[in-house]
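# A structural walkthrough
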Amino acid sequence: MNTIALTAAAPRRFADLPSPRALPVLGNAHQIQPARMHLQLEQWARELGTPYRMRIGPLQVMVVDDPEVAQTVLRDRPSGLTRASMFRPIFAELGIDGLFSTEGDDWLPQRKLIMGSLAASNFRGFFPTIRAITERLHRRWQRAATAGEVLEMTQELIRFTVDVTSALSFGDDPNTLEQSGHVIQDHLAAIFPAIMKRTLAPVPHWRWFKLPADRRLDRHLAAVHAYAHECIAKARARLAAHPGAEPANALEAMLLQADQPGSGFTDEVVVANVLTLLLGGEDTTAHSLAWTMMYLAADPALQQHMHHAAMEALGSESVCTAHEGVRELEVFEHLATEATRLRPVAPFLGLAATRDMVIGEVEVPRGTQVMTLFRPAQISPRHFSAPLRYDPMRWQRGRGHSGDGDAAVHDPRAYLQFGAGARVCPGRHLAGVEMRLVLSMLLKHFEVELACDPGEIDEVQNFTVTPSKMPVRLRLRQPAAQGGVRAAPAGAARCPFGHG
Ligand code: HEM
């Protein structure tokens, strides 16, 4: 038996762990609604303590929430643990068995393919595209603010990330911010919930008979695959027309690697990875930004402070104009990091043990699924001072933040929104650039006001956790305020940065 995260105590048997009551064949599957799965897992963690066990159909699952144990299992990949075993067959039959779901000998070459394509596209080369799309978002929000419209931010931000991620991974900017009804946005929006539902289905009925929803999914997938193949053809034509030219986007970079003799990468592998980038890069980033809006709206003094920071960083420009300037915008990324500490868009990861092992202090048989819950540690005083307070400055580099004078507890290892180890998210830097550009633009030009009671906003799991709604009214900042200090609205909380 291989041992990881071994403790001094004698190991407990997996079968002895507490468990919610299960039915004979279904196990606990009937108690889990896909859209509330993370909330159910968190509730059982509170009721039963962790680790606990449960069963989804035939799959035995251990749920852990200790960040040290999570770090250890995440880092014991790819050999000791894989992604949860339901993923690969489902992604493969949908034609998206790219880096996220692939395992074994296929994983490392694909990891290099994706890392190479993101490195080649490197943000310096792509920065003008991201900047142009942020300028587009600024114009759209300016029009809405002038007209006094309420914007549904979940949709606004998805349009932004669809445009950025498509431009990066396809070299084709669908401009969903200025046009509606584009194939990618509509079709991908339908694919996410279907993947979630299938991964949780105790019986894969669609392999024997297809319901209308399965046939609809087939049509969405066919449209997305057709679009990907069109983009491949265009990219090959451009590469042929400009031999020796630098790849202009992630797709071209992938094709340059795939078209090397003996690379082993077929067009299907390229398509699967282009779609993986889209699936991996859109909702995660958009929803992180949407949750951030909720916390900003609740804190006018913080907005005022960040407005000054944006004025200073952007000067007279409407958005960050130079790649070099992105580094100066780190504090804007902290706004989103702190929002997702409290409202994780990735509330857990599902893994599977490839051999018998000890995890934490539990003997886990080969094939056991291991779910690492992230929020319990992210909101625990053991890892963060004043853990329920939205306090973005705790992330400032080189500073152990201490709330209002309490002992500083700041444990970034307990924040696992991008995973850890060899399979850590390869898109995290891109996500950070997007967050910095959007939030600095937002806070330079607008005041953010939530157009509903925050208590009405539910967490909905669609593979990532989406706010059920995020209606926001943006108010244009007055030109006078753009250059100087403006009083925080009456009743505003004191700015945690000492302003206002
Ligand atoms: C806020 C934004 C994002 C969040 C919270 C996020 C989160 C995650 C998480 C939790 C994982 C699993 C890591 C692990 O298993 O240890 C992951 C993997 C992945 N992400 Fe992201 N991600 C984000 C943005 C992006 C972007 C922008 C892209 C690409 C354009 C991307 C592409 C991927 C890919 C391809 C993988 C699979 C890596 C592998 O299995 O080797 N992600 N992401």
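Conventions adopted
- Residues numbered from 1 in each chain as written.
- Predicted model: local features only at pLDDT ≥ 70, side-chain atom pairs only at ≥ 80, totals over all residues.
- Pairing = 2+ DSSP bridges.
- Helix = DSSP H or I, 4+ residues; strand = E, 2+ residues; numbered from the N terminus.
- Axes fitted to C-alpha atoms, helices over the stretch in contact; angles between N-to-C directions.
- Contact = placed C-beta atoms within 7 Å.
- Near = placed C-beta within 6 Å.
- Buried ≥ 20, exposed ≤ 12 C-beta atoms within 10 Å, placed from the backbone.
- Core = buried A, V, L, I, M, F, W, Y, C linked by C-beta atoms within 7 Å.
- Expected span 1.5 Å × (residues − 1).
- pLDDT = per-residue confidence, 0-100.
- Parallel < 35°, antiparallel > 145°, perpendicular 65-115°, else oblique.
- Left-handed = near helix turned anticlockwise from the far one by under 90°.
- Nonpolar A, V, L, I, M, F, W, Y, C, P; charged D, E, K, R; others polar.

Below, the discussion takes up the sheet that holds strand β4 (residues 59–64). Pairing within the open sheet is mixed, and its five strands lie in the order β3-β4-β10-β7-β5. Unpaired on one side and paired on the other, β3 (52–56) and β5 (81–83) mark the two borders of the sheet. Taking each pair of neighbouring strands and ignoring which way they run, the sheet shows an average axis angle of 35°. The pairing of β5 with strand β7 (residues 348–353) spans three bridges and is classified as antiparallel. Its bridge partner being in β7, threonine 82 is matched across the sheet by alanine 352. Along the sheet face, helix α2 (residues 67–75) touches β4, β5, β7 and β10 (369–373) and points at about 130° away from the line of β10.

Looking now at the site of the ligand. Within the structure, the ligand sits among 29 residues, and Gly280, Gly281, Gly419, Cys425 and Gly427 are positioned closest to it. For the shell around the ligand, the secondary structure elements donating two or more residues are α4 (107–121), α10 (267–281), α11 (283–297) and α15 (428–445). Ranked by residue count, the leading element in the shell around the ligand is α10, at four residues.

Further remarks concern the environment of glycine 49. Secondary-structure assignment places glycine 49 in the loop between α1 (37–48) and β3. On the neighbour-count criterion, glycine 49 (11 C-beta atoms within 10 Å) is exposed. Taking the C-alpha atoms as reference points, glycine 49 and proline 89, 40 residues apart in sequence, are found 32 Å from one another.

Here strand β12 (residues 459–462) pairs with strand β13 (residues 464–467) via four bridges, running antiparallel. Bridge pairing in β13 links glutamine 461 to valine 465. Linkage of β12 to β13, two consecutive antiparallel strands, is achieved through a turn of one residue, within which phenylalanine 463 is found at a positive phi near 80°.

Within the secondary structure, glutamate 156 is located in helix α6 (residues 153–170). A sequence separation of 134 residues divides glutamate 156 from alanine 290, and the C-alpha atoms of the two residues are 9.0 Å apart.

What follows concerns the nonpolar core. With 125 residues, the main nonpolar core has Met293 and Val370 as its most contacted residues. At 10 residues, the largest contribution of residues to this core is made by α15. In contact with valine 370, other than residues within four places in its own chain, are Met62, Val64, Val73, Leu81, Leu351, Ala352, Ala353 and Ile359.

All right, on to α15 then. Taking 1.5 Å of rise per residue, 18 residues should cover 26 Å, and α15 covers 26 Å from first to last C-alpha, within 8% of that figure. A large share of α15 lies buried, amounting to 16 of its 18 residues.

A few words on the confidence of the model for the protein. A residue-level look at the protein finds 90% of positions with pLDDT of 70 or above and a mean pLDDT of 89. Segment residues 401–405 is flagged for pLDDT under 50; beyond a separation of four residues in sequence, or across chains, it makes 13 contacts in the model. Note that residues 480–500 has pLDDT below 50 and, in this model, 34 contacts with residues that lie over four places away or in other chains.

Turning our attention to the packing of helix α9 (residues 250–258) against α10. Where α9 meets α10, the axes come as close as 11 Å, and the angle between the chain directions of the two elements is 155°. Judged on the interaxial angle alone, α10 and α9 are roughly antiparallel. Judged by the sense of rotation from one axis to the other, the crossing of α9 with α10 is right-handed. Across the interface between the two elements, Ala250, Leu251, Met254, Leu255 and Ala258 of α9 pack against Val270, Asn273, Val274 and Leu277 of α10. Residue composition of the contact of α9 with α10, by class: eight nonpolar, one polar and no charged.

Here the focus is the sheet that holds strand β6 (residues 150–152). Note: strands within a sheet are paired through backbone hydrogen bonds, in either parallel or antiparallel orientation. Ordered by their spatial adjacency, three strands build an open sheet running β6-β14-β11, and the pairing between neighbours is antiparallel. Two strands close off the open sheet at either side, each with one partner strand: β6 and β11 (446–450). For this sheet, the mean angle separating the axes of adjacent strands, direction not counted, is 40°. Pairing between β6 and strand β14 (residues 471–476): three bridges, direction antiparallel. The residue of β14 that forms the bridge with leucine 151 is valine 472.

Attention shifts here to unusual backbone geometry. Residue threonine 50 is joined to proline 51 through a cis peptide bond whose omega torsion reads -5°. If you trace the backbone, proline 51 turns up in the loop between α1 and β3. Here the amide bond leading from arginine 77 into proline 78 is cis, since omega sits at 10°, within 30 degrees of zero. You can see proline 78 is positioned in the loop between α2 and β5. Backbone geometry places asparagine 175, a non-glycine residue, at a positive phi of 50°. Within the secondary structure, asparagine 175 is located in the loop between α6 and α7 (183–200). Given 15 C-beta atoms within a 10 Å radius, asparagine 175 is considered partly exposed. Despite not being glycine, alanine 386 has its phi angle at roughly 40°, a positive value.

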